[in-house]
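Read off the chains here:
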Amino acid sequence: MGEARAPKAGGNKASAGQVAGMPVVSSESVLALKRRARRINRALAEKYPYAHAELDFRNPFELLVATVLSAQTTDVTVNQVTRVLFARYPDARALAEADPADLETILKPTGFFRAKSRNVIALCTRLVDEYNGVVPGRLEDLVTLPGVGRKTANVVLGNGFGIPGISVDTHFARLANRFGWTQSDDPVQIEHDVAELFDRKDWTMLSHRVIFHGRRVCHARKPACGACPVATWCPSFGLGETDPAKAAKLLKYELAPGSEALLDQLLAETHRAAEIRMASQQRTP
C-alpha cells in the first residue's frame, strides 16, 4: 500500500484537536468540491473494485428484511441469522403469520430482538395486505412500511431494483463530513448534499465504496490516515494515525495484516466477491 500524502493546496488539513466525525468547513468553490469528490470516488473504485452490498439476499424481500434487521448490529450477524430465518419463513406471508416467540428466538443475536420481531411481522403484514406480498419498487411506498426509513429504502432500491440511491448509514455520514461533502449530521440533508456532487448513475456504487472505506480504513475512533488511498484529497487528513506502518495495523477485514490471500482472491475474482466474503466469514470462528 502506498504511503499517504498530505492534502494538496486548497484542502483544510485537520487540526490536532478536531473531533472525529465533525464536519470540515471549506472555502473551495462548488466546482472544486465536485471535482475533488469525484477524484475520491475514482480512487475508492480502484481500491475496492469488489465493493458490494454486504448483506446476503436472493431477492428484494430478503434484502428489505435483512436491512431492517441490520440496525445496531453487524452485517455478519444479520447474515448468520437470515440463513435460519428465511429457511423457516421464506416469504412475506410466512413471516406475517410467524409465531412471535419463535421469531424472537431467531432474531435474538441481532439485539433489540423484541422490537425487531414486532417490526418484521408488521412490515410483512403490510406487504401482504397492501402489496400482495411483493416489495414495492418506489421510495414513497417503501418509507411508509414499518421499520423502513430512507436509508433502508435506498439500499433496497439500489441493490434490489437497480434504481440509484445514496444510502446514508453511520459510516457514510461520518465520511461525507470528513471529506467535506456536507456539513450536516441529518441523513436526509447529507443525502441531498452528496447527490449534488455526483451523477445519479453513480449513487449506489458510491454508497458501497464509502461504506467499505469507513469499515476498513476511516474508522470512527482511529482512522488509518497513513494507509488511506484518498489522503491526497481528504481535508481531514491527520485526524488519525499518519505513520504508514502504524496505520497499516489499524486496517480491518480483507485489508488487515494477515488477510493478504483473501484480498488477492477478491481482487482476482471481483464478480464473486459476495460469495468469497461469505465463505470467509463462515470460516471465521
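A quick note: this is a predicted structure, and the numbers were derived from the prediction, not measured.

**Student:** I'd like a description of the overall build of the protein, backed by residues and values.
**Tutor:** Per the secondary structure count, the protein includes 14 helices and 0 strands. When the helices and strands of the protein are read in sequence order from the N terminus, they spell out α-α-α-α-α-α-α-α-α-α-α-α-α-α. Long-range contacts, defined as pairs at least 24 residues apart, comprise 64% of the intrachain contacts of the protein with a sequence gap of at least 6. Of the roughly 13,800 Å² of accessible surface on the protein, 52% is carried by carbon and sulfur atoms.

**Student:** An account of the UniProt feature "binding site: [4Fe-4S] cluster" (unreviewed entry) in the protein is requested, with residue identities and associated values reported.
**Tutor:** This chain's UniProt record puts "binding site: [4Fe-4S] cluster" (unreviewed entry) on Cys 218, Cys 225, Cys 228 and Cys 234. Separation in sequence by 17 residues is not matched in space for these annotated residues, since their most distant C-alpha atoms are only 10.9 Å apart. Tracing the sequence through the fold places Cys 225 in the loop between α11 (203-216) and α12 (244-248). With relative accessibility at 9%, the residue Cys 225 sits in the buried group. Looking at the element boundaries, Cys 234 is found in the loop between α11 and α12.

**Student:** Tell me about the pattern of salt bridges, residues and numbers included.
**Tutor:** In the structure shown here, the tally under the stated rule is 16 salt bridges. Of the charged contacts, one joins Asp 202 and Lys 201 as a salt bridge, the two residues approaching to 3.2 Å between their closest N and O atoms. The shortest N-O distance in the salt bridge between Arg 272 and Glu 275 comes to 3.0 Å. Classification of Arg 272 as partly exposed rests on a relative accessible area of 25%.

**Student:** Break down the packing of aromatic side chains for me, with residues and values.
**Tutor:** As enumerated under the stated definition, the model contains 6 aromatic pairs in all. Consider the rings of Tyr 48 and Phe 212, whose centres lie 6.0 Å apart with planes at 65°: the pair is edge-to-face. Of the two residues, Tyr 48 sits in the loop between α1 (30-47) and α2 (60-69) while Phe 212 sits in helix α11, which places them 164 residues apart along the sequence. The class for Tyr 48 is buried, based on a relative accessible area of 1%. The rings of Tyr 48, Tyr 50 and Phe 212 are connected pair by pair, giving a single aromatic cluster.

Basis of the calculations
- Residues numbered from 1 in each chain as written.
- Predicted model: local features only at pLDDT ≥ 70, side-chain atom pairs only at ≥ 80, totals over all residues.
- Heavy atoms only, no water.
- Helix = DSSP H or I, 4+ residues; strand = E, 2+ residues; numbered from the N terminus.
- Contact = heavy atoms within 4.5 Å.
- Areas by Shrake-Rupley, 256 points an atom, 1.4 Å probe, with all protein chains shown as cover.
- UniProt positions renumbered as here; feature names shortened; annotations may be inferred.
- Buried < 20%, exposed > 50% of the residue type's maximum accessible area, 1.4 Å probe, protein only.
- Salt bridge = Lys/Arg side-chain N within 4 Å of Asp/Glu carboxyl O.
- Phe/Tyr/Trp six-rings, centres within 6.5 Å; stacked < 30°, edge-to-face > 60°.

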